[in-house]
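# Tertiary structure, described
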Amino acid sequence: MNTNAPVETELLCAACRQPLVLGKVKASYLGSSFEVDLPRCPGCGFVYVSEALAQGKMLQVEQALEDK
Amino acid sequence: MDGQQVRIWESRCIEESPPACAAACPVHVDARGLAELLAKGDFKAAQALFCRFIPFPNIIGHLCDHPCESVCRRAEAGEAIRIHALERAVVSSSLAASPFRRGRATERKRVAVVGAGLSGLTAAADLIVKGHEVAVFESGLQLFARLRGDPRLPSAAIDADLARFDNTGIVFHCGERPDITALAKEFDAVYLGLGAQAVPDLAVLVDLTPDGRIAVDALTYASRHPKIFAGGSHRYGSTPHTYSPITSLQDGRCAALSIDRLLQGASLTANREGQGSQSTRLHVNLARHAPSAAIVPADPDNGYTPAEAQAEATRCFPCHCRECVRSCPYLEHYGGYPKRYIREIYNNETIVMGARKANRMIDSCMLCGLCAEVCPEKLSMGDVCLSAREGMVGKGKMPVSHHDFALRDLAYSRSDAFTLTRHQPGFKQSAVVFYPGCQLAASSPEQVERVYAHLCATIDDGVGLMLGCCGAPAHWAGRADLFAETHAEFSAAWQSLGRPLVLTACSSCYRMIADHLPEVPVESLWPVLARGKLPGEATAAQNSRMALAIHDPCTTRHEPAIQDAVRHLLDRCGTKTTELDGPQLTSCCGFGGLAQFANREIADKALDRRIGQSNSDYLTYCAMCRDNFARRDKRAVHVLDLLFPDGDDPAARPDPGFSRRQENRGRLKRSLLRELWNEAMEEPTDAIRLVISPQVQADLERKLILTDDLRQVLRHAERTGQRLLNGKTGRFVASHRPLRITYWVEYAIDADSGCYVIHGAYSHRMDVEAAS
Ligand code: SF4
Ligand code: SF4
Ligand code: SF4
Ligand SMILES: [Zn+2]
């Protein structure tokens, strides 16, 4: 996937005035970490996690890691 | 968890004990399973099940002397299930039974069977299935000669059963009287099913009974001769009246087991406790079943039609205990019963690799004790789950997320924001100390103040006050360390007041102190109030036409003095009350064991079931129960709402919710210090003013996000300028991770008022940062 394509077009980083683009993000929990592509600000690196992601896939991964 | 304790718990759940019918059957035919299949109309599966137990289903289906029926528990509610008639209907539906499949013995041996009756041919069939070679010797000209004349048994049924031997390699020698001594030399083992006659000439080989039959061991059917086994009517000495087909079949089966063990070099006697007809420990609650009479077949000679059999099978209970499962939505939720759960819970702790699948299950029990109350063996799953929690937490293997919120709430209640320890104003000592607990303070701080004023006015020699948390959440979370810390704090505060008698308003506080702090004298507030003068303003209830249904908090289950005191108080107020299931069988509101944090779904199921028991408004004496009812829109009052009334309809008071609960505690402390101890106390003002709609507030409650968490995010966004702007809606999205949890808030700033209008919030525990 082209990591420079703008995503979530409605969302701008308010500080940098730039639209978010998909980029490599390090996600970590309970000593495990892995890389995923998430929308982030190309200027300051602020990473956006949507509610759907937080309560869906991310929650599933959290729970799987918790029970390991 | 202690392995030995686990085994004791496991052995106390008797749900896996067989039903009386199967236990009494000499070969333990699963009549319960059979009836369940027939009740569904599945004759094919029923026949397959019957054939798993019975080598000659058509013969037994027609002739069994059915000892099972005389112990069937249905007889205690109407008439016994006609199990044998059901079996007959099963075999009548189809005679064909699948052929025996020769097994593969590691060492194939040769066995001679003398006598082709039920015992001999059962032994032959079982040994073939175990993989041995079998030769059958029968002096008559036909197999099953004895049964052939029986008018109840069509010869086609016999032939269908014998067809099961097709292609098994068995050899039949009919019309032959073999020399047993020679057989014992030639074969690896010999089974004798010789019929009831005496055999004096075998005295050279085996011991004989006084009436000249072969003496065999009752468990193994072994004779004195190491290779010779005997059984069937020869053993039990039948006359035509005492002939028992199923006993003969059992003899053949047990002897075959011994022979196979002999041929494998295994112990003949080990693990045979379950052999033969037995009684059972399985408990059946007969009160659940209305009596019913057996179905009578329209044509008695031909037995049940399939429809009649299905109707009769439907009368089988079927026998199960599961009393606890029926009473507890938590136990019901996981689809099993305690014996199985205990095994899963123990494996969950001891497993080395792989997912610990039972973690959430362990944390979902309300620790309410209802299961032990209804269990015939008084098994408490609460004890099991609490011990498992302590074990898992001790190993660092329990997910922190289950109890994180509740334990942060506990931390708040232990903090300076809430804790307070004082003698009554104007006193230097305390005869008693009032300990309202963190939840009453959270639910209705005004009532704490009123009760305290009442106690001060009615008790001489000083009523101290202690605000804090008893540590119940730490205990329920299995956090022994944290529980000990809260105890130490409690103890220190109590000692600083001169070790007075502690009066608790919350039954969980009462439990924790009574069960864990033996040096602290404790009494519940309710007996104390019941003994004294009623507060002047006490009322019957706003709506005295309708009786209030009493919900006793589960932590008072075994406290009749407290239960009675509350009823006495209600009586004195003139309140009409009614009982739900009575105090011993009360159930949990979902807060117990912190279940509502670890598993909201199950806790709410339990709560809703309780709510569904009556349309009356509920009366309780635990603030948490009251507020949980309110949260699910059940009208409920706290007994204090009657003793110290305030406002018109206390049953309609909403659940304050978690944010307000914390605020209320802080507010209570400040108000007391201001009003009673004349200390200057400012109410905090926050520059960040929030506007939250009721829908958004309810959503935040569900997600366990406090308004304080929102404020932290907003302050962080203000300070750093870090936030996203949605160009379309003009709303901001900001996040903050104070510790372990990232909170996200979507908000707008109202241009006129400067208020923050909250549109939503959510959280996650995983940490994300841009990879460099
Ligand atoms: S009540 Fe529950 S725990 Fe007790 S024996 Fe029955 S099934 Fe087992
Ligand atoms: S009611 Fe059903 S399960 Fe219980 S003993 Fe009778 S046949 Fe067996
Ligand atoms: S929630 Fe109560 S009744 Fe259910 S298993 Fe736990 S302690 Fe027993
Ligand atoms: Zn930026």
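Residues numbered from 1 in each chain as written. Chains lettered and ligands numbered in written order. Predicted model: local features only at pLDDT ≥ 70, side-chain atom pairs only at ≥ 80, totals over all residues. Heavy atoms only, no water.

All names here are of chain B. Strand order in the open sheet formed by 4 strands is β12-β11-β13-β14, and the pairing between neighbours is parallel. If you trace the sheet from one side to the other, it starts and ends with β12 (577-579) and β14 (636-638), each paired once. Going across the sheet, the axis of each strand differs from the next one's by a mean of 35 degrees, ignoring polarity. Examined bridge by bridge, strand β11 (residues 548-551) and strand β13 (residues 618-620) share 3 bridges and lie parallel to one another. Counted as the bridge partner of A549 is Y618 from β13. In the packing of helix α29 (residues 623-631) onto the sheet, contacts are made with β11, β13 and β14, and the angle to β14 comes to roughly 160 degrees. (Pairing = 2+ DSSP bridges. Helix = DSSP H or I, 4+ residues; strand = E, 2+ residues; numbered from the N terminus. Axes fitted to C-alpha atoms, helices over the stretch in contact; angles between N-to-C directions. Contact = heavy atoms within 4.5 Å.)

Let's shift gears to the site of ligand 3. Residues and elements named next belong to chain B. Taken together, the residues surrounding ligand 3 are C328, Y330, L331, C365, M366, L367, C368, G369, L370, C371, M381 and G382. Those elements that provide at least two residues to the shell around ligand 3 are α14 (329-333), α17 (370-374) and α18 (381-394). Of the residues assigned to the shell around ligand 3, the class counts are 10 nonpolar, 2 polar and no charged. (Near = heavy atom within 4 Å. Nonpolar A, V, L, I, M, F, W, Y, C, P; charged D, E, K, R; others polar.)

On to the environment of A124 of chain B. Residues and elements named next belong to chain B. Tracing the sequence through the fold places A124 in helix α7 (residues 118-129). Taking the relative accessible area as the measure of exposure, A124 reaches 0% and is therefore buried. Discounting chain neighbours no more than four positions away, the residues touching A124 are V113, V134, V136, F165 and I170. (Buried < 20%, exposed > 50% of the residue type's maximum accessible area, 1.4 Å probe, protein only.)

All names here are of chain B. Taking burial as the measure, the 6 residues of strand β2 (residues 133-138) include 5 buried ones, the bulk of the element. The sheet contact formed by strand β1 (residues 110-114) and β2 spans 5 bridges and is parallel. Looking at the pairing, A112 lines up with A135 of β2. Remark: the β1/α7/β2 crossover connection has right-handed handedness. Both β2 and strand β3 (residues 171-174) contribute to a ladder of 4 bridges, which runs parallel. (Right-handed = clockwise from strand over helix to strand, strands pointing away.)

Attention now moves to the domain arrangement of chain B. If you check the domain split of chain B, you get domain 1 (18-97), domain 2 (110-264), domain 3 (323-398), domain 4 (404-531), domain 5 (536-655) and domain 6 (690-764). Using C-alpha coordinates to define each centre, domain 1 of chain B is positioned 66 Å away from domain 6 of chain B. (Domains from an automatic or database assignment.)

Now for the nonpolar core. Residue and element names in this part refer to chain B. Core analysis: the largest hydrophobic core is formed by 128 residues, its most contacted members being F434, W526 and L643. Dropping the residues within four chain positions of it, L643 is found in contact with W526, L529, L534, P535, E537, A538, L569 and C573. With 68 residues, the next largest nonpolar core counts A123, L143, L147 and A157 among its residues. (Core = buried A, V, L, I, M, F, W, Y, C linked by side-chain atoms within 4.5 Å.)

So, on to the site of ligand 1. Ligand 1 sits among C13, I14, E15, C321, R322, E323, C324, P338, C375, P376 and L379 of chain B. Among the residues making up the shell around ligand 1, the classes are represented as 8 nonpolar, no polar and 3 charged.

So, about the coordination of the zinc ion (ligand 4). All names here are of chain A. Around the zinc ion (ligand 4), the protein contributes the donor atoms C13 (SG), C16 (SG), C41 (SG) and C44 (SG), which lie 2.2 to 2.3 Å from the metal centre. Spacing between the donor residues of the zinc ion (ligand 4) along their common chain follows C-x2-C-x24-C-x2-C. Separated by 31 residues along the polypeptide, C13 in strand β1 (residues 11-13) and C44 in the loop between β4 (32-40) and α1 (51-55) bring together distant segments of the chain. Its relative accessible area of 1% is what places C13 among the buried residues. (Donors = N, O, S within 2.8 Å, 3.2 Å for Na, K, Ca; no water.)

Tallying the contact residues gives 31 residues for chain B and 34 residues for chain A. Interface of chain B and chain A: buried area, both sides summed, is about 2800 Å²; carbon and sulfur atoms make up 60% of it. Contact with chain A buries surface across chain B, with L724, Y762 and M766 of chain B losing the most and accounting together for 24% of the total. Linking chain B with chain A are 1 salt bridge, by the criterion used here. K703 of chain B is paired through a salt bridge with E51 of chain A; the nearest N and O atoms lie 2.7 Å apart. One can count 14 residue pairs in polar contact (both at pLDDT 80 or more) joining chain B with chain A. (Buried area = accessible area lost by both parts, 1.4 Å probe. Salt bridge = Lys/Arg side-chain N within 4 Å of Asp/Glu carboxyl O. Polar contact = N/O pair within 3.5 Å; in protein donor to acceptor, adjacent residues only side chain to side chain.)

Residue and element names in this part refer to chain B. Enumeration over the complete set of coordinates arrives at 21 aromatic pairs over all chains. Where F405 meets F658, the ring centres are 5.1 Å apart and the plane angle is 75 degrees; that geometry is what we call edge-to-face. Of the two residues, F405 is situated in helix α19 (residues 404-414) and F658 in helix α31 (residues 657-675); the sequence distance between them amounts to 253 residues. A relative accessible area of 7% places F405 in the buried class. For the ring pair Y618 and F629, a centre distance of 5.2 Å and an interplane angle of 85 degrees mean the geometry is edge-to-face. Of this pair, Y618 sits in strand β13 while F629 sits in helix α29, and the two are 11 residues apart along the sequence. The buried category is assigned to Y618, whose relative accessible area is 0%. For F629, a relative accessible area of 0% gives the class buried. (Phe/Tyr/Trp six-rings, centres within 6.5 Å; stacked < 30°, edge-to-face > 60°.)

On to the sheet that holds β3 of chain B. Residue and element names in this part refer to chain B. Judged by pairing direction, the sheet is parallel, and its 5 strands sit side by side in the order β3-β2-β1-β4-β5 without closing on themselves. The two strands at the open ends of the sheet, each matched to only one other strand, are β3 and β5 (228-230). In this sheet, adjacent strand axes meet at a mean angle of 20 degrees when their direction is disregarded. α7 rests against β1, β2, β3 and β4 (189-192) of the sheet, and its axis sits at about 165 degrees to β2. Of the strands in this sheet, β1, β4 and β5 are in contact with helix α11 (residues 245-264), which crosses β4 at around 170 degrees.

Right, let's get into the pattern of salt bridges. Two side chains carrying opposite charge are able to pair once their charged atoms lie near each other. Residues and elements named next belong to chain B. Taken as a whole and judged by the stated rule, the model has 56 salt bridges over all chains. The salt bridge involving E489 is made with R414; its shortest N-O contact spans 2.7 Å. With E489 in helix α23 (residues 480-496) and R414 in helix α19, the pair connects residues that are 75 residues apart, well separated along the chain. A residue is classified by how much of its surface remains accessible, and E489, at 37% relative accessible area, is partly exposed. Taking the shortest distance from any N to any O, the salt bridge between E559 and R511 comes out at 3.0 Å. With E559 in the loop between β11 and α26 (560-573) and R511 in helix α24 (residues 507-516), the pair connects residues that are 48 residues apart, well separated along the chain. Across the pair, exposure class does not vary: E559 and R511 are buried alike. Within this structure, R600, D604, D608, R631 and R632 form a network of salt bridges that share partners.

Next up on the list: the environment of R479 of chain B. Residue and element names in this part refer to chain B. Along the chain, R479 falls in the loop between α22 (472-476) and α23. For the pair R479 and F165, spaced 314 residues apart in the sequence, the C-alpha separation amounts to 64 Å. With sequence-adjacent residues up to four places away left out, R479 is seen in contact with V393, L407 and A474.

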